[in-house]
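Geometric and topological summary
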Amino acid sequence: MTGIMAALAMRTGRAGRFIWSSWAGLSALFLFCALWQAGHEAYGSFILPSPLATSHSVLQLAGERANWLIACTTVGRALAGFLIASLAGIAAGVLAGYSAAALRLARPLVTLLLGVPPIAWIVLAMIWFGSTNGMVVTTVIIAAVPLAFVGAAEGVMTRDRGLDDMARAFGADAWVRFSTLALRHVGAHVFPALVLALGTAFKVAVMAEVLANAGGVGGGLARARSNLDVSEALAWVLIAVIALIAVEYGLIRPVHAEVERWREAARPWGIKR
Amino acid sequence: MTALLLSGIGHAYLGRTVLDGVDLTVSAGEIIALVGPSGCGKSTLVHIAAGILEPLRGRVLARYARHGMVFQEPRLMPWATARENIAYPLRIAGIGRKARQARALAAARRVSLDESDLEKFPVELSGGMRQRVAIARALVLNPDFVFFDEPFTALDVALRRRMQDLVIAAAGEAGFAALFVTHDLFEAARIAHRIAVMDPRGWGISGERVIPGVPGRRSDRDVFEQVARYLSEDALFRHVNDVDERRLA
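Bear in mind the structure is a predicted one, so any value in this text is a computation, not a measurement.

With that out of the way, let us pick up the overall build of chain B. The helix and strand inventory of chain B stands at 8 helices and 9 strands. For a compact globule of 249 residues, the expected C-alpha radius of gyration is about 18 Å, and chain B comes in at 18 Å, within 12% of that figure. Each of the three principal axes of chain B carries a C-alpha extent, and together these read 50 × 45 × 40 Å. By residue count, 53% of the 249 residues in chain B fall in the buried class. A fraction of 71% describes how many contacts in chain B between residues 6 or more apart in sequence connect residues 24 or more apart. In the structure as shown, chain B presents an accessible area of about 11200 Å², 51% of it carried by carbon and sulfur atoms.

Next up on the list: helix α8 (residues 220-233) of chain B. Residue and element names in this part refer to chain B. Counted at 1.5 Å a residue, the expected span for α8 with its 14 residues is 20 Å, and the 20 Å between its end C-alpha atoms agrees. Those residues of α8 that sit buried are Val223, Gln226, Val227 and Tyr230. Summarising the axial view, the buried residues of α8 lie within an arc of 95°, below the 170-degree limit, and thus occupy one face. Seen from the buried face of α8, the exposed residues on the opposite side, beyond 90 degrees, are Arg221, Phe224, Ser232 and Glu233. Those residues of α8 that are buried are in contact with α7 (185-191), β8 (194-198) and β9 (205-210).

Hydrogen bonds along the backbone pair up the strands of a sheet, which may run parallel or antiparallel. All names here are of chain B. Spatially, 6 strands are ordered β5-β6-β7-β3-β8-β9 in an open sheet, and the strand pairing comes out mixed. Two strands bound the open sheet, and with one partner strand each, they are β5 (67-70) and β9. Direction aside, the axes of adjacent strands within the sheet are offset by 15° on average. Direction of pairing for β5 relative to strand β6 (residues 145-149): parallel, over a ladder of 4 bridges. Paired with His67 across the two strands is Phe145, which belongs to β6. This element, helix α5 (residues 127-139), spans β5 and β6 of the sheet and lies at about 170° to β5.

In this section: the nonpolar core. One finds Ile86, Phe145, Phe147 and Ile195 of chain B to be the most contacted residues of the largest nonpolar core, which totals 97 residues. Each of two domains, domain 1 (2-65 + 144-247) and domain 2 (78-142) of chain B, supplies a minimum of three residues to this core. Counting residues in each nonpolar core, the second largest holds 36 residues, with Val75, Val136, Ala201 and Ala212 of chain A among its members.

So, about the interface of chain B and chain A. For interface size, the figure often reported is the accessible area lost on association. Between chain B and chain A, the contact holds 22 residues from the first and 18 residues from the second. Buried surface at the junction of chain B and chain A, both sides included, amounts to about 1900 Å², of which 73% is carbon and sulfur. For chain B, the biggest contributors to the area lost against chain A are Trp79, Tyr88 and Ile92 of chain B; these three give 35% of the whole. Linking chain B to chain A there are 0 salt bridges. At the boundary of chain B with chain A, the tally comes to 3 residue pairs in polar contact (both at pLDDT 80 or more). Elements with a contribution of two residues or more to the side of chain B that touches chain A: β5, α3 (88-92) and α5 of chain B.

We now examine the packing of helix α2 (residues 51-63) of chain A against helix α10 (residues 230-259) of chain A. Residue and element names in this part refer to chain A. Interhelical geometry of α2 versus α10 gives an angle of 70° and a closest axis separation of 8 Å. In this view, α2 runs roughly perpendicular relative to α10, as classed from their interaxial angle. Residue-level contacts link Thr54, Ser57, Val58 and Leu61 of α2 to Ser231, Glu232, Leu234, Ala235, Trp236, Leu238 and Ile239 of α10. Broken down by class, the residue content of the contact of α2 with α10 amounts to 7 nonpolar, 3 polar and 1 charged.

This part takes up the domain arrangement of chain B. All names here are of chain B. Domain parsing of chain B yields domain 1 (2-65 + 144-247) and domain 2 (78-142). Of the residues lining the interface, 13 residues belong to domain 1; the matching set on domain 2 comes to 10 residues. Of the roughly 880 Å² buried at the junction of domain 1 and domain 2 (both faces included), carbon and sulfur atoms supply 69%. Between domain 1 and domain 2 we count 0 salt bridges in total. Along the contact surface separating domain 1 from domain 2 lie 1 residue pair in polar contact (both at pLDDT 80 or more). Residue contributions to the side of domain 1 that touches domain 2 peak at 7 residues, all from helix α6 (residues 157-174).

Residue and element names in this part refer to chain B. Strand order in the open sheet formed by 3 strands is β2-β1-β4, with antiparallel pairing between adjacent strands. Of all strands in the sheet, those bounded by a partner on one side alone are β2 (16-27) and β4 (57-62). Geometrically, the sheet is characterised by an average inter-axis angle of 15° between neighbouring strands, direction not taken into account. In the sheet, strand β1 (residues 2-13) pairs with β4 via 5 bridges, with the strands oriented antiparallel. Its bridge partner being in β4, Leu4 is matched across the sheet by Ala62. Helix α1 (residues 42-49) contacts β1, β2 and β4 of the sheet and is inclined by roughly 125° relative to β1.

This paragraph deals with the packing of aromatic side chains. Under the criterion given, the structure shown has 10 aromatic pairs over all chains. Arranged with centres 4.8 Å apart and planes meeting at 45°, the rings of Phe145 of chain B and Phe147 of chain B form a pair that is tilted. Members of the aromatic cluster, joined through ring pairs, are Tyr98, Trp175 and Phe178 of chain A. A cation sits over an aromatic face here: Arg201 of chain B above Trp203 of chain B, 4.3 Å from the ring centre.

Residues and elements named next belong to chain A. There is a patch of nonpolar side chains on the surface, built from Phe18, Ile19, Val237, Val241, Ile245 and Tyr249 and spanning about 550 Å² of accessible area. Only α1 (2-43) and α10 provide two or more residues apiece to the nonpolar patch. In terms of residue count, the dominant contributor to the nonpolar patch is α10 (4 residues). Here Val241 lies in helix α10.

The rules behind each value
- Per chain, the residues get numbers from 1 upward, laid out in the order the sequence is written.
- Think of it this way: whatever chain is written first is A, whatever ligand is written first is 1, and the rest follow in order.
- Side-chain atom pairs in this predicted model are given and counted only at pLDDT of 80 or more, local residue features only at pLDDT of at least 70, and totals for whole chains, interfaces and linings cover all residues.
- Derived side-chain values reflect all non-hydrogen atoms in the structure, with water molecules and hydrogen atoms excluded from consideration.
- The helix and strand labels rest on DSSP assignments: H or I over at least four residues marks a helix, E over at least two residues marks a strand, and numbering proceeds from the N terminus.
- Each radius of gyration is computed over the set of C-alpha atoms, and the globule rule expresses the reference value as 2.2 Å times the number of residues to the power 0.38.
- Exposure is judged per residue with a 1.4 Å probe applied to protein chains only, and the accessible area is read against the type maximum: over 50% gives exposed, under 20% gives buried, and values in between give partly exposed.
- By definition in these notes, contact holds between two residues if any of their heavy atoms fall within 4.5 Å.
- Shrake-Rupley sampling with a 1.4 Å probe provides the accessible areas, and residues are treated as covered by the protein chains on show and by no other component.
- Multiplying 1.5 Å by the residue count of a helix minus one yields the expected span of that helix.
- Directions are taken from the helix axis to each C-beta atom, and the arc is the one they span.
- For two strands to be treated as a pair, DSSP must find no fewer than two bridges joining them.
- Axes, fitted as lines to C-alpha atoms, cover a helix only where it is in contact. Angles between the N-to-C directions of the axes lie from 0 to 180 degrees.
- The nonpolar core is taken to be a set of buried Ala, Val, Leu, Ile, Met, Phe, Trp, Tyr and Cys residues, with the residues joined through side-chain atoms within 4.5 Å.
- Annotation comment: domain bounds sourced from an automatic or database domain assignment.
- Summed over both partners, the accessible area lost on bringing two parts together, with a 1.4 Å probe, is the buried area.
- By salt bridge we mean one thing: a side-chain nitrogen of Lys or Arg within 4 Å of a carboxyl oxygen of Asp or Glu.
- Throughout this description, a polar contact denotes any pair of N or O atoms lying within 3.5 Å of each other; where both atoms belong to protein, one of them has to be capable of donating a hydrogen while the other can accept it, and for residues adjacent in sequence the pair is counted only when both atoms sit in side chains.
- In this scheme, roughly parallel covers angles under 35 degrees and roughly antiparallel covers those over 145, while 65 to 115 is roughly perpendicular and the rest are oblique.
- Three categories are distinguished: nonpolar for Ala, Val, Leu, Ile, Met, Phe, Trp, Tyr, Cys and Pro, charged for Asp, Glu, Lys and Arg, and polar for the others, with Gly belonging to the last.
- A pair of Phe, Tyr and Trp rings is counted when the ring centres sit within 6.5 Å of each other, with Trp represented by its six-membered ring. The angle between the planes then sorts it: under 30 degrees is stacked, over 60 is edge-to-face, the rest tilted.
- Here, a charge over a ring means that NZ of Lys or CZ of Arg falls within 6 Å of the ring centre while also lying within 35 degrees of the ring normal.
- By definition, no residue in a patch forms a salt bridge, and every one has over 30% relative accessible area; like charges are joined within 9 Å, nonpolar side chains (Val, Leu, Ile, Met, Phe, Trp, Tyr) within 5 Å.

The following block contains the structure:
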């Protein structure tokens, strides 16, 4: 019981510290808003609507139920692509990390996947699937898989062989060594890659929707563009960013903080706050 | 009764022979110090004996029930607390969480680790404390054989002495046999019943000496004079302190 209380207190403290540290982030955001306002005053509302007008548009859009469904469509597509890409990328990356030959075969493929711009994949996927869910999700997968793959492969390759030997000395078989040692190490490498992949997933999903007019936030953006409604276009961009931030800080970061608890302990006293 | 029998052990890295024809016997409850100049293959031999490496030639016959091992570096999992690190061999053995906690605490007490330190991560512990955790991890399964691979080389002199006392006390209490690799003759003469000297090129064991007295009961003067005698009068120890940097990988 006391153990559970202590664990709860520790996590509450961590969340509290995180929220407190967000003051710095907020001040940066307000600085950005100030620059935005300056741009608005210099070029007028048609080129760049003011931050206030844009937030009004966001509220207006948020007031309609249908728009929530539109945002959820994009989030759903981005998340579906992200999850499939993470699972496939990590699984393939782990295998490649253990087999030097497989990695040598995979490296050029990774370069190829990273080098071809997502826009090219969008065009191909449009031809293959039409303007459907599958087309957006496929494009997201192709854009996000290499990131997860490289993170996982690097993690396996840089694992601590000394720990492996230690586990072997205590009689651990290959599976135990993988599940208790290698996976933890892979996690440390894969999480930053996953954050990057998640951002990519949202960007590519919106881009694919705009190009293919496939509904979602991108569809809203395309409509705002055809109506030359700049403040609505900016509002859709803002909504996409808010959705990304919500997923990153609501899902990825808490999991990361839990897995990497020891890194916080490693920080010198005073910097934790 | 024999606890460990190594016969005709040979090994090579990338075609370069590092060990050949090594025979060594350790009796139950006996601590053998394996000494030799740096780079003569002591570590490789103990890795083979502990089952980490497959020998190219020869046989390892283990007649003990369980072994533990302490490495030169602590080799703790940085993401796990001291308690989880100590309990790791129990986890490998498939023992339940509740029992693991209790046995880890008992092992920590044997090496004088505080209960409050058990929830700390390795980065929060000093070098000596980390090595204590590593020793507790080696003892947590109540092994009847422990491999030590130059465990205290990285510690300062005072700390090394305390760790040696800890091993002597734990061995006296539990009665485990041990193969203790070191290049410090004083350490060997304090801890062991018997010293085996390895050939500088790794071609077998050059010879063995039984150290008079019982570990833990020898006075510092006895140990010092014994080592001085070995170094000045005994030809077996002529190459023990040789260092050839080129052979150190």
